[in-house]
Amino acid sequence: AQTVTQSQPEMSVQEAETVTLSCTYDTSENNYYLFWYKQPPSRQMILVIRQEAYKQQNATENRFSVNFQKAAKSFSLKISDSQLGDTAMYFCAFMKGGNNDMRFGAGTRLTVKP
Amino acid sequence: NAGVMQNPRHLVRRRGQEARLRCSPMKGHSHVYWYRQLPEEGLKFMVYLQKENIIDESGMPKERFSAEFPKEGPSILRIQQVVRGDSAAYFCASSPSEGSGDIQYFGAGTRLSVL
């Protein structure tokens, strides 16, 4: 069974600063996908970034980037130039290749302070 | 292109009643997923459906819970004889195909409260 661990229940960062959220996972699979989702107070789940395990290049989306370390089974999210609107719960998720269900971590609550 | 629509946003039921949660996928999407989120926890997979077929229900409780995605109309998650432990947020997601690793687009969820 795949497990996803987010070891930081809460984090805070000053506006305009950079913050990194950690995520590790456990799997024996070689083909899989990793995701970061954001859940603001509205509770809507919003995709932040997606990484294919067979790609060595780290995915980036504007101010969001990941550090994907396949051997270490680590998938951290870096948010640069943090904005107040980044305040949300952030969930790391794993999807095994050939499957369609995602396994989520417990989440990290990020607060961006003005 | 409207996103995934879930209704109602909030649903209150008394113990023993039935709860019906609806999900309309994004236009062009034929794959629907249901997840449950307990307070302060991540989402837990419940069931994956395509039109008229249940593909994977490994996360669904064996009793009282059922799901369908008919040829016409929204997907329905049905909880019979609700108990307090069913109180949670229920999220629906959809994807366009069965391609592995497809992005799932989520609705805003239905918060079920059982009194």
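Everything below is about the structure printed above this text.
On a predicted model such as this, the values are computed, not experimentally measured, just so you know.

(A) A look at the overall build of chain A. Broken down by element type, chain A carries zero helices and twelve strands. A globule of 114 residues ought to have a C-alpha radius of gyration of about 13 Å, and chain A, at 14 Å, matches this closely. The buried share among the 114 residues of chain A stands at 50%. When contacts within chain A are restricted to residue pairs at least 6 apart in sequence, those whose partners lie at least 24 apart make up 55%. With the model as given, the accessible surface of chain A reaches about 5,500 Å², and the carbon-plus-sulfur share is 43%. Side chains of chain A carry 12 positive and 10 negative charges; the gap between the two charge centres is 4 Å.

(B) Inspection of the packing of aromatic side chains at higher detail. Enumeration over the complete set of coordinates arrives at 14 aromatic pairs over all chains. Seen from their ring centres, Tyr 37 of chain A and Phe 104 of chain A are 6.0 Å apart, and the 50° between their planes marks the pair as tilted. One end of the pair, Tyr 37 of chain A, is in strand 5 (residues 32–39); the other, Phe 104 of chain A, is in strand 11 (residues 103–104), and 67 residues separate them in sequence. A residue is classified by how much of its surface remains accessible, and Tyr 37 of chain A, at 0% relative accessible area, is buried. Judged by its relative accessible area of 9%, Phe 104 of chain A is buried. Ring geometry for Phe 104 of chain A against Tyr 35 of chain B: centres 5.7 Å apart, planes inclined by 90°, an arrangement best described as edge-to-face. One end of the pair, Phe 104 of chain A, is in strand 11; the other, Tyr 35 of chain B, is in strand 4 (residues 31–37), on a second chain. Joined through ring pairs, the aromatic side chains of Phe 35, Tyr 37, Phe 91 and Phe 104 of chain A together with Tyr 35, Phe 45 and Phe 106 of chain B make up one cluster.

(C) Focus on the pairing of strand 3 (residues 19–24) of chain B. Residues and elements named next belong to chain B. Residues Ala 19, Leu 21 and Cys 23 point to one face of strand 3 and are all buried, whereas Arg 20, Arg 22 and Ser 24, pointing to the other face, are not buried. Looking at chain direction, strand 3 and strand 8 (residues 75–79) are connected through five bridges and run antiparallel. Counted as the bridge partner of Leu 21 is Leu 77 from strand 8.

(D) Region of interest: unusual backbone geometry. Cis geometry marks the peptide bond from Asn 7 of chain B to Pro 8 of chain B; its omega dihedral reads -5°. Examined against the element boundaries, Pro 8 of chain B turns out to sit in the loop between strand 1 (5–7) and strand 2 (10–13). Positive phi, normally seen in glycine, also occurs at Arg 43 of chain A, with a value near 75°. Along the chain, Arg 43 of chain A falls in the loop between strand 5 and strand 6 (46–52). Residue Arg 43 of chain A is classed as buried on the basis of its relative accessible area, which comes to 10%. Non-glycine residue Asn 62 of chain A carries a positive phi angle of around 55°. Following the sequence through the fold, Asn 62 of chain A ends up in the loop between strand 7 (60–61) and strand 8 (64–69).

(E) How the structure looks around the interface of chain B and chain A. Residue-level contacts link 26 residues of chain B with 23 residues of chain A. The interface formed by chain B and chain A holds zero salt bridges in total. The interface formed by chain B and chain A contains five residue pairs in polar contact (both at pLDDT 80 or more). Elements with a contribution of two residues or more to the side of chain B that touches chain A: strand 4, strand 5 (43–50) and strand 9 (88–95) of chain B. Here the residues of the side of chain B that touches chain A are counted per class, giving ten nonpolar, nine polar and seven charged.

(F) Main features of the sheet that holds strand 1 of chain B. Residue and element names in this part refer to chain B. Sheet architecture is open: four strands sit in the order 1-3-8-7, paired in antiparallel fashion. Each having just a single partner strand, strand 1 and strand 7 (65–68) make up the two edges of the open sheet. Geometrically, the sheet is characterised by an average inter-axis angle of 15° between neighbouring strands, direction not taken into account.

Criteria and thresholds
- Residues numbered from 1 in each chain as written.
- Chains lettered and ligands numbered in written order.
- Predicted model: local features only at pLDDT ≥ 70, side-chain atom pairs only at ≥ 80, totals over all residues.
- Heavy atoms only, no water.
- Helix = DSSP H or I, 4+ residues; strand = E, 2+ residues; numbered from the N terminus.
- Rg over C-alpha atoms; globule rule 2.2 N^0.38 Å.
- Buried < 20%, exposed > 50% of the residue type's maximum accessible area, 1.4 Å probe, protein only.
- Contact = heavy atoms within 4.5 Å.
- Areas by Shrake-Rupley, 256 points an atom, 1.4 Å probe, with all protein chains shown as cover.
- Lys, Arg positive; Asp, Glu negative; His and termini not counted.
- Charge placed at Lys NZ, Arg CZ, Asp CG, Glu CD.
- Phe/Tyr/Trp six-rings, centres within 6.5 Å; stacked < 30°, edge-to-face > 60°.
- Pairing = 2+ DSSP bridges.
- Salt bridge = Lys/Arg side-chain N within 4 Å of Asp/Glu carboxyl O.
- Polar contact = N/O pair within 3.5 Å; in protein donor to acceptor, adjacent residues only side chain to side chain.
- Nonpolar A, V, L, I, M, F, W, Y, C, P; charged D, E, K, R; others polar.
- Axes fitted to C-alpha atoms, helices over the stretch in contact; angles between N-to-C directions.

That's the geometry; what it means functionally is another story.
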